[in-house]
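Given next are the chains, with one letter for each unit.
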Amino acid sequence: MILLRPYAPEDLPEILGLFRASVHGLCGKDYTPEQLDAWAPASLDAEAWGRSLASHFALTAWEEDCLLGFADLEEPDYFDRLYVSPQAKGRGVGRLLAQAMESRSRDLGAEVLTVHASETARGFFLHRGYTLCHRQEVERRGVLLHNYQMQKTWRKECAL
């Protein structure tokens, strides 16, 4: 059974490991080894990651004592990160985390939720009803890689 719970600072070492494993284990068909290393290097700034996650609405997904994934929302309308362990791919972890981020955004009154999705994640977000705004080039540690700005829009209900 997968349990979602709020990010806690003691989760950070496992989150950093999962992030690197996810990028290197799931994105290799879409990015070069040089791009993967620039995106998820062996050494990450744990202090910056901790500050970022603590300032966002961040959830972790667990099965017993095993971290399966994490996601965070810069409230109210920027879906910042969603990463799943390669071992948990296809088990619905990403779907559960995305639903939670989308629900939180809607509950906060956002009408549009923006995400910058990797090539690997683009299909996942399209399947969830996001639209593609544009492809963009981003620089990480002096290396260019691409991603996609995507948005999910909720229509306001008409009052009768």
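Structure: see above.
The text that follows walks through the structure, step by step, so that each part is easy to find. A quick note: this is a predicted structure, and the numbers were derived from the prediction, not measured. (Residues numbered from 1 in each chain as written. Predicted model: local features only at pLDDT ≥ 70, side-chain atom pairs only at ≥ 80, totals over all residues. Heavy atoms only, no water.)

### Examining the packing of aromatic side chains
In this description, a pair of aromatic rings is defined by centroid distance and the angle of the planes.
Then comes step 1: Enumeration according to the criterion identifies 8 aromatic pairs in this entry.
Then comes step 2: Within the aromatic cluster, the residues linked to one another by ring pairs are F19, W49, F70 and Y83.
Then comes step 3: If you follow R81 out to its NZ or CZ, it ends over the ring of W49, 4.7 Å from the centre.
Then comes step 4: The residue whose ring lies beneath R122 is Y148, and the NZ or CZ to ring-centre distance is 4.7 Å. (Phe/Tyr/Trp six-rings, centres within 6.5 Å; stacked < 30°, edge-to-face > 60°. Lys NZ or Arg CZ within 6 Å of the ring centre and 35° of its normal.)

### Remarks on the side chain of E119
Then comes step 1: Following the sequence through the fold, E119 ends up in helix α5 (residues 119-127).
Then comes step 2: E119 sits in the buried class, given a relative accessible area of 18%.
Then comes step 3: Among the polar contacts listed, one links the side chain of E119 to the side chain of H146, at a separation of 2.7 Å.
Then comes step 4: Once you skip the residues sitting within four places of it in the chain, E119 turns out to touch D30, Y31, R135, H146 and Y148. (Helix = DSSP H or I, 4+ residues; strand = E, 2+ residues; numbered from the N terminus. Buried < 20%, exposed > 50% of the residue type's maximum accessible area, 1.4 Å probe, protein only. Polar contact = N/O pair within 3.5 Å; in protein donor to acceptor, adjacent residues only side chain to side chain. Contact = heavy atoms within 4.5 Å.)

### Here's the deal with the pairing of strand β6 (residues 131-140)
Then comes step 1: Judged from the 9 bridges that link them, β6 and strand β7 (residues 143-153) form a sheet pairing that is antiparallel. Bridged to L132 within β7 is M150. (Pairing = 2+ DSSP bridges.)

### Focus: the environment of S55
Then comes step 1: Tracing the backbone shows S55 in helix α3 (residues 46-55).
Then comes step 2: By relative accessible area, S55 is classed as exposed at 55%.
Then comes step 3: Residues S55 and D72, spaced 17 residues apart in sequence, show a C-alpha to C-alpha distance of 9.5 Å.
Then comes step 4: Of note is the side chain of S55, whose polar atom sits 3.0 Å from the backbone oxygen of S52.

### With respect to unusual backbone geometry
Then comes step 1: Note that the residue after E75, namely P76, is joined by a cis bond; omega there is 5°.
Then comes step 2: Within the secondary structure, P76 is located in the loop between β3 (66-74) and β4 (78-84).
Then comes step 3: Phi angles above zero are rare outside glycine, and E64 is one such case at about 55°.
Then comes step 4: For E64, the position within the fold is in the loop between β2 (57-63) and β3.

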